[in-house]
Amino acid sequence: MIYSHKKKYNSWNSRIVHSVRTGWRGRSTDNITYAGQISQLVNPCGDSAMPVKKKRKSSGSDDPGLRKCKITCFCRPQAPGRLISPEDQFSNKKCLAWFYEYTGPDEVLGPEGMEKFCEDIGVEPENIIMLVLAWKLEAPNMGFFTKEEWLKGMTLLQCDCIERLQGKLDYLRNQLNDTIIFKNIYRYAFDFARDKDQRSLDMDTAKSMLALLLGRTWPLFPVFNQFLEQSKYKVMNKDQWYNVLEFSRTVSTDLSNYDEDGAWPVLLDEFVECQKARLAAL
């Protein structure tokens, strides 16, 4: 069984507006004062001195707080963010308390706790969603979640209770529709399902995992599964596992585009040969 994630902009804009206003006023006042002093020195009587050009008064209000610099027209109004109530926020404490509902003294969620966990969230242990969840938690061992894996994965998913995880089930299922994510999950499944003292998957486990991952999407899976049952192979290594996915994605159902000189594993060469002979006999 399969057991298994506006204010900075406005503040900066205000500083720009303030510096433009104060700088403009400061420079104008200094220029007027300096020009007046020069006129008195050059022509104290004021007969032929060029009149000092005074600053034009604003036609608007004199209140500096109501003056606007043109740059403010580029400010995009910001809608206030929704306030998050304490009940909506993810809680580490609540998440760990939830985890401890399924663990024993060793603080590891094992097979027995996993069955209860699956029952609580309404998902069968063999459902592929449990594989996706284990991938999200980065759990290396089938049927076990450690406290660290649980907290890290559930924090990523923002789930600290049964109801929140149930609300994420469709999201977890939809992860399989992304080809890159699916490839990552497929590759993860090999190490997740194999015995850790073995480098390969025993064939029964390999067939079960392939049925879970490719059984509904690969038209040739039924005949490929039959081929595995009748073959001499007792295990499937990682290279074979990876290439089965590539084969299912790139080779047509009639095998017409299969390159016999390509770098396919012998296992797939033999499957193609067997399938072509079967089709020829029909």
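Residues numbered from 1 in each chain as written. Predicted model: local features only at pLDDT ≥ 70, side-chain atom pairs only at ≥ 80, totals over all residues. Heavy atoms only, no water.

Describing the confidence of the model for the chain
- In the predicted model, the chain carries a mean pLDDT of 80, and 69% of its residues have values of at least 70.
- Within the model, pLDDT remains below 50 along residues 3-55, and this stretch shows 56 contacts once partners closer than five positions in the same chain are excluded. (pLDDT = per-residue confidence, 0-100. Contact = heavy atoms within 4.5 Å.)

Focus: the side chain of Glu-149
- By the secondary structure assignment, Glu-149 is in helix H5 (residues 147-157).
- The side chain of Glu-149 sits in the buried core without any salt bridge; Lys-152 is the nearest counter-charge, 9.5 Å away.
- For Glu-149, the contacting residues outside a window of four places in its chain are Leu-137, Glu-138, Ala-139, Pro-140 and Phe-144. (Helix = DSSP H or I, 4+ residues; strand = E, 2+ residues; numbered from the N terminus. Buried < 20%, exposed > 50% of the residue type's maximum accessible area, 1.4 Å probe, protein only. Lys, Arg positive; Asp, Glu negative; His and termini not counted. Salt bridge = Lys/Arg side-chain N within 4 Å of Asp/Glu carboxyl O.)

As for unusual backbone geometry
- Despite not being glycine, Gln-158 shows a phi value in the positive range, around 60°.
- Inspection of the secondary structure puts Gln-158 in the loop between H5 and helix H6 (162-166).
- Unusually for a residue other than glycine, Leu-255 sits at a positive phi of about 65°.
- Take Leu-255: it is sitting in the loop between helix H11 (238-250) and helix H12 (266-281).

Some words on the layout of surface pockets
- Within this model, the largest pocket holds a volume of roughly 470 Å³.
- If you go around the largest pocket, you meet 18 residues; those closest to its centre are Phe-182, Leu-212, Leu-213, Arg-216 and Thr-217.
- Secondary structure elements with two or more residues in the lining of the largest pocket: helix H9 (203-214) and H11.
- Looking at which element gives the most residues to the lining of the largest pocket, the answer is H9, with 4 residues.
- Residue composition of the lining of the largest pocket, grouped by class: 10 nonpolar, 5 polar and 3 charged. (1 Å grid on protein atoms, 1.4 Å probe; cavity = no way out; pocket = protein on both sides within 12 Å on 5 of 7 lines; lining within 4 Å. Points joined across faces, edges and corners; volume = space filled by probe spheres on them. Nonpolar A, V, L, I, M, F, W, Y, C, P; charged D, E, K, R; others polar.)

Remarks on the nonpolar core
- By size, the foremost hydrophobic cluster in this structure holds 68 residues, and its most contacted members are Phe-117, Trp-150, Trp-241 and Phe-247.
- Leaving out residues up to four positions away in the same chain, Trp-241 has contacts with Tyr-186, Arg-187, Ala-189, Phe-190, Leu-201, Ala-206, Met-209, Leu-210, Leu-213 and Met-236. (Core = buried A, V, L, I, M, F, W, Y, C linked by side-chain atoms within 4.5 Å.)

A look at the pattern of salt bridges
- All chains considered together, the criterion is met by 10 salt bridges.
- Measuring nitrogen to oxygen at the nearest pair gives 3.2 Å for the salt bridge that ties Lys-116 to Asp-120. Here Lys-116 pairs with Asp-120, and both are found in helix H3 (residues 111-121), just 4 residues apart, close to one helical turn.
- The shortest N-O distance in the salt bridge between Glu-270 and Lys-232 comes to 4.0 Å.

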